[in-house]
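# Structural overview
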Amino acid sequence: MRVRYPLREGRVSVKDLSTNGTFVDGLDSWGYDERKMKELAAVFRAKFSAAASVAPRKGTEDNKQGRKFFSIMVQGKYLEQIARALREDYGVANVATQAKKGLVTKKDRKAFANS
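Residues numbered from 1 in each chain as written. Predicted model: local features only at pLDDT ≥ 70, side-chain atom pairs only at ≥ 80, totals over all residues. Heavy atoms only, no water.

Now for the packing of helix α1 (residues 34–48) against helix α2 (residues 79–88). Relative placement of two packed helices is described by the angle separating their axes and the distance separating the axes. For the pair α1 and α2, interaxial distance at closest approach is 12 Å and the crossing angle is 125°. In terms of axis orientation, α1 runs oblique to α2. The interaxial crossing formed by α1 with α2 has right-handed handedness. The residues of α2 that touch α1, namely those facing L40, F44, K47 and F48, are Q81, I82, A85 and L86. When grouped by side-chain class, the residues that make up the contact of α1 with α2 number 6 nonpolar, 1 polar and 1 charged. (Axes fitted to C-alpha atoms, helices over the stretch in contact; angles between N-to-C directions. Helix = DSSP H or I, 4+ residues; strand = E, 2+ residues; numbered from the N terminus. Parallel < 35°, antiparallel > 145°, perpendicular 65-115°, else oblique. Left-handed = near helix turned anticlockwise from the far one by under 90°. Contact = heavy atoms within 4.5 Å. Nonpolar A, V, L, I, M, F, W, Y, C, P; charged D, E, K, R; others polar.)

Spelled out as structure tokens, the structure:
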């Protein structure tokens, strides 16, 4: 299932900052609202056979516009796969990846490249 949304501006960041979780932030600027992010989380859940959820980003609960921003969290190390899927399948051109040093090993990168 490929869902395409109109291209917008803004950087989407895919982060692997914890020991076993990958976070996707910044899809708000590409036209993704909470419902669309939940659809995308369901796609990631099926694709990676891992838990995926959508939650409000910390610190955006009481902003002046009254708008909440959301993040997608996927359980597991799927940094490169999620970034590739966003670029190729969903048309998000500006995707930045960030991993905490030591979490993504050479062995992980090799496995990600083959999948």
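Right, let's get into the pattern of salt bridges. Inspection of every chain in the model, using the stated rule, returns 3 salt bridges. Across the pair E34 and K38 runs a salt bridge, and its minimum N-O distance is 3.5 Å. Within this pair, E34 and its partner K38 are both found in helix α1, separated by 4 residues, close to a single helical turn. E34 sits in the partly exposed class, given a relative accessible area of 32%. One salt bridge in this structure joins D89 and K47, with 3.9 Å as the shortest N-O distance. (Salt bridge = Lys/Arg side-chain N within 4 Å of Asp/Glu carboxyl O. Buried < 20%, exposed > 50% of the residue type's maximum accessible area, 1.4 Å probe, protein only.)

To continue, consider the packing of aromatic side chains. Tallied over the entire structure, the rule returns 2 aromatic pairs. With a centroid separation of 4.5 Å and 20° between ring planes, the pair formed by F48 and Y78 is classed as stacked. Here F48, found in helix α1, pairs with Y78, found in the loop between β4 (70–75) and α2; they are 30 residues apart in sequence, far enough to count as distant. Here the aromatic cluster, defined as three or more aromatic residues joined through ring pairs, consists of F44, F48 and Y78. (Phe/Tyr/Trp six-rings, centres within 6.5 Å; stacked < 30°, edge-to-face > 60°.)

Burial within strand β1 (residues 12–16) is extensive, with 4 of its 5 residues counted as buried. Both β1 and strand β2 (residues 21–25) contribute to a ladder of 3 bridges, which runs antiparallel. In the sheet register, V14 faces β2, and the bridge partner there is V24. (Pairing = 2+ DSSP bridges.)

Let's shift gears to the environment of K77. Its location among the elements puts K77 in the loop between β4 and α2. Along the sequence, K77 and A99 sit 22 residues apart, while their C-alpha atoms lie 9.7 Å from each other.

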